[in-house]
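Structural description and commentary
Next come the chains, spelled out residue by residue.
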Amino acid sequence: MTINPQRAQALFLAALEMPESQDRDRFLDRECGPDDVLRRRVEALLSAHEATGGFDLAPSGAAIGATVDAASIAIAGSLLAGRYKLIEAIGEGGMGSVWVAEQKEPVRRKVAIKLIKAGMDSKSVLARFEAERQALAMMDHPNIAKVFDGGMTDQGRPFFVMEYVKGVPLTEYCDQARLSLKERLNLFMPVCQAVQHAHQKGIIHRDLKPSNILVCLYDGKPVPKVIDFGLAKAMHQSLTEHSLHTAHGMMVGTPLYMSPEQAEHNNLDVDTRTDIYSLGVILYELLTGSTPLERQQMKVAAFNEILRLIKDVEPPKPSTRLSSSQNLPSIAAQRSIEPAQLKKSLIGELDWIVMKALDKERSRRYETANGFARDVERFLHDETVEAGPVSALYRMRKFAKRYKTGLALSFAVLLITSSSAIVSTYWGLEANWRRWEAMENLREANAQRDFAKEAQAETVRQRDAARGSRQRSRAALDEISSEVVQEWLTGLPEYTQKQRDFLKRIATHYQQIAVGEEVDSENNQHFAEGYLRVAQIYSLLGDTAIVQQYVADSIKHFQELIEREPQNVELRMQHVSALRLQFKTDSKSMNGEKSDQFAEEALRGADRLVADFPGNDECRLLWSMTTIDYALYLAYSKRGQQGLSALDRVAADTARLKDLFPDIKRYRRQYCVYLTNRYVVLDRLQRRDEALRGRLEAMQEADRLASDFPEDVEIQNSAARNHTNYGIWLAGSEKFVQADMEFSIANDLQSQLCLRFPSSSLYLTSLGKTQICWSDSKLKSGQTDEAIDIANRAVATWGKLTSRSPDLGNVGGLASARACVARAELQNGNAERSVLILDEALRENQRVVDSDARNRFALDDKHRMHMSRAAALRVLKRFEQAAEEMRAAIKAAELINQRVAEDFVLLTGDLAMSGKAAEVRELAQSITTEMDEVLSKKYLLQLARFACIASKYAEEIDKRALEKIAVDALVRLNELKVSLDQETFTSSDFDPIRNDPKIFAVLK
Amino acid sequence: MSDVTRILSQIEAGDPAAAEKLLPLVYDELRKLAAVRLAQEKPGQTLQATALVHDAYVRLVDTDTVQRWNSRGHFFGAAAEAMRRILVEQARRKAAIKHGGDWQRVELSDPPAKDQANQELLALDAALPRLAAEDPLAAEILKLKYFAGLAREDIAAILGLSVHEIRQKWNYTRAWLRLELEK
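Residues numbered from 1 in each chain as written. Chains lettered and ligands numbered in written order. Predicted model: local features only at pLDDT ≥ 70, side-chain atom pairs only at ≥ 80, totals over all residues. Heavy atoms only, no water.

Some remarks on the overall build of chain B
The secondary structure content of chain B amounts to eight helices and zero strands. Listed by position from the N terminus, the elements making up chain B come as α-α-α-α-α-α-α-α. Across the 183 residues in chain B, those meeting the buried criterion constitute 50%. Considering only intrachain contacts with a sequence separation of at least 6, the fraction spanning at least 24 residues in chain B is 62%. Carbon together with sulfur atoms contributes 49% to the accessible area of chain B, which is approximately 8,100 Å² in total. (Helix = DSSP H or I, 4+ residues; strand = E, 2+ residues; numbered from the N terminus. Buried < 20%, exposed > 50% of the residue type's maximum accessible area, 1.4 Å probe, protein only. Contact = heavy atoms within 4.5 Å. Areas by Shrake-Rupley, 256 points an atom, 1.4 Å probe, with all protein chains shown as cover.)

Section: the overall build of chain A
Along chain A, the regular secondary structure elements total 43 helices and nine strands. For chain A, the proportion of its 1004 residues judged to be buried stands at 55%. Partitioning the contacts of chain A with sequence separation of at least 6, the portion at a separation of at least 24 is 66%. Carbon and sulfur atoms provide 50% of the accessible area of chain A, an area that totals close to 44,700 Å².

Notes on the environment of A:Asp740
All names here are of chain A. Structurally, the position occupied by Asp-740 is in helix H31 (residues 736-756). Considering only alpha carbons, one finds Asp-740 and Thr-724, 16 residues apart in sequence, at a separation of 9.8 Å. Aside from chain neighbours lying at most four places away, what touches Asp-740 is Trp-774 and Lys-778. Reaching out from Asp-740, the side chain makes a polar contact with the side chain of Trp-774 at a distance of 2.7 Å. (Polar contact = N/O pair within 3.5 Å; in protein donor to acceptor, adjacent residues only side chain to side chain.)

Remarks on the pattern of salt bridges
Pairs may arise between side chains of opposite charge once their charged atoms sit close together. All names here are of chain A. Under the criterion given, the structure shown has 51 salt bridges over all chains. The partner of Arg-273 in a salt bridge is Asp-271, with the nearest N and O atoms 2.7 Å apart. Here Arg-273 falls in the partly exposed class, since its relative accessible area comes to 23%. Here Lys-658 makes a salt bridge to Asp-659, at a shortest N to O gap of 3.1 Å. Taking the relative accessible area as the measure of exposure, Lys-658 reaches 14% and is therefore buried. Take Asp-659: its relative accessible area is 52%, and that puts it in the exposed class. Overlapping salt bridges bring together Asp-25, Asp-29, Arg-39 and Glu-43 as one network. (Salt bridge = Lys/Arg side-chain N within 4 Å of Asp/Glu carboxyl O.)

Points about the pairing of strand S9 (residues 221-226) of chain A
Residue and element names in this part refer to chain A. Bridge count for strand S8 (residues 213-218) against S9 is six bridges, and the pairing is antiparallel. Each residue of the ladder has a partner; that of Cys-216, found in S9, is Val-223. In this antiparallel pair of consecutive strands, S8 and S9, the connection spans two residues, and Asp-219 shows a positive phi of 50°. (Pairing = 2+ DSSP bridges.)

Side note on helix H6 (residues 181-200) of chain A
Each α-helix winds once per 3.6 residues, and so residues spaced three or four apart point in a common direction. Taking 1.5 Å as the rise per residue, H6(A) with 20 residues should run 28 Å; its terminal C-alpha atoms sit 29 Å apart, in good agreement. Positive backbone phi, approximately 80°, marks A:Gly202, located one or two places after H6(A). (Expected span 1.5 Å × (residues − 1).)

Regarding the sheet that holds S9(A)
All names here are of chain A. One open sheet holds the three strands; their spatial order is S7-S8-S9, and the pairing between them is antiparallel. Edge positions in the sheet fall to strand S7 (168-169) and S9, since each has one partner strand and no second. Pairing between S7 and S8: two bridges, direction antiparallel. From the neighbouring strand, Pro-169 faces S8, where its bridge partner is Leu-214. Docked against the sheet, H6 engages S8 and S9, running at close to 30° with respect to S9. (Axes fitted to C-alpha atoms, helices over the stretch in contact; angles between N-to-C directions.)

In short, geometric facts, not functional conclusions.
Here it is, written out as structure tokens:
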């Protein structure tokens, strides 16, 4: 009897879920019945599972053993370069194996030989070594092991010959000898001095770590010696790469000592301060028994994460590390001190000294290794040290700074969100963003996991921190979130991953702070505020579920607080802000059921606020904002009239605030928001004329705002955007002269912004879009030459963007711009050129489609490009190719669920002109049956005409069918009350049916 | 751009033929890398195969160009298979040396544990096709875990399954393997 393995597996997994053995037995009794073989198999699997103890099989421990490459491994007794006889392998460094060797000439002595792994570019290693050899020879310091020589083995492996130091790695020695803190520091200082000496000779070590600092005993006295100077440079491999390999292999652990600037990808800008950092790590380890980033962390993190940890994660202070260490007793024992005493001796100055050396920003580290040593000495002599505590505020600022740079660089966002039928514009950025986001999700998940770890460590630190410092962190956090989040980020329509990560971090910090606080009334307010902040941040990130959860919590806390202190205006305002956020979030979400209720609550809250604090302008502003949101909500839920009256209530106040305080930006902006929403509401009420007037008024106000606040780029940009949008609207209404003016204003404004902020892609993107729309508008109004000119400018703009960052949004924009040029060229009579340009545009477009097969903007573009190409080919009388293009166009349109009657009719024409009568018949029949409803008058006439043309080439059967199609189409046209004038019908194309009795009747 | 990066980009761009080119390339690269790495180890020291796979990833794949998990999956899938071949090849050769079949015999102070590891490896490799016949997914997971050293979360992402599903499958695979190797 055979077993069904799937069944056995299912039973095994089900049984595993049952912790009690009786349950398992009963379950197996029932499931297996009399099938003993199956039962035995499942039981065997279960006991095998138990025997593994739930532990994972170690990933292939079967290592690549030495035998694989036995031939290339150095063998004792062999002679290198005719001078050095290898005696014994004594260990391995990061770069290769180390041997004791005997030098024969010119002097007979024992040396250490570092044999570099094979496969490296030996010649360039040696060349670099030679370059530094002079400098290396200049080094003469009792704490530096000399480098004598370098060469190449017969097999082409580089090797280096050094002074033979018979010693133990620094940390190992200190622990073995149970050196006290003081003794450790005394041993550390000469290391600094040695490094200083090398720095003075222009040599940076770049790979300082305990295994490169050997302690040997001279006359019973321990003397540290730094080895491997100059080797890292000669190897020239980016330490990043190298060290990570070893980290993942055997935890040799070089990245643990790597400075943040070394962890920077491809960073060549490494100076002496990188050694200071590594010395800081070594001191950290000497004091606490662990490196700032723990070995364990390194083992579990992925490469990029390791780099990120080094670059971004602030290590805990040495004393903090000790408090969280489980091995504190043994660490203390190795330092011949009581655990509590050890911790106490680190708090304060030693913490500061170490943290100064470990600053991520190298300008804040000790300037020289000697400076470092001197501070250690000062500590030993009970003098005031140079290093001081790092304030929480500073840490937060530094954090913000790091991200601000990222923010500034990553402004690349789409601006115009309205669309128009006449313009083919590349709106794909937004969709791309979503895709990329999805792609990033996994990576993000990892980052989050890591961040959680970081946050945990942060909690431990926080708990230790005094309450005062917590308040300071809060203040710093508030400062950052108001400044960075509100000033920098709220204006942006979309965020990059970096920006999202940043926001999440801020939110998490708030969450962390809330966790650490005890419950009392003051902290209750912190809870409420913290939750509100978190909700606001997630609102920016678009995660409505989290927003609702936090905002509800915050509202609850605020209500409790307000009951006690109804006159606390700050609480009241925050409460209304929370209510407003709750309502806005719900009304925007797909399944917001409580929107009405939330809207009313928010409005009531705002009304009460102004009633209680009538003279407080900030309250009035909040009231106005809430009311305008409410009005817009009503307008979109088909209660525009109510919405309009709500708007009227705040109109006077909003205008008053703006007039009273013309230099307060947010009052002014709020007035713009009011005007804009007003015309949107009017537009929804179909009061077009008033809407148009309102639109103009809103635009004027936005322009005024822009000229009053020339430094506020967001205001500038949104003013320019208004003009583009208005231009699109005008062009859509065929008011080309006005449209032209608007586009040209937008173009000028955006060009200026680009000049002012040359590194920002945001404005360049806006400019590129304006130019595309403008060119199409020109083309539509028949100004072909100008259309070509502007389209070429658009190509230049998008080309610049693409060369800066070849992301798909930019590539798609470039393709769109090219298509613009092609359309204009075609209209100008240059069909050949048009075809060529479209070839290129389609290739670029294809790149976007390839990477994102459902990008509807790209597919829409593709559709139009194929249509344009078909049109050009038609002009060139290459009808068969034109038909192919039309097929491609139809295919692209179908991918976005569009079937355009025009496409099919055009395809019919191309097929007719290529003489493919049978295909024309088939297609025309299917068009008339499938698309009857949508076939407009124009197309019916064309269809009839194409059927007639095709019938001239057709076989007898097709001929009659085609004639019937043509006649039917014309009859139908007649039914639609379109009179067929003789003139239309005079074309000889219609000859085949001219004498048809039905037509005869129609024409009469 | 490395060849591997280019192929992964082609896979991302939807070129199915590109995937076939990956294995030989990765195999070749891993072998080279293994040889290079080995040269830097002292005798008796071993090099973890899984670390090598990760090394190869860092060296060969430009993560700025290759962004999708799908193509990472292709890479690790190919790397796991390549590493399996390399290890098996090596284990066989090693067995041959033990039997005196290789004239290039050198004195090596290998700890006996490693010998055992080699046998385990060969046994595991022999069991792999049987597992694949019974449950291809389990075999794939085993390969990714054992030869490419991926964490459950990564395997889940690559295979498009939940971590829970991977954990279950892994529980079974482990038990199955134990029974198989005890035979």
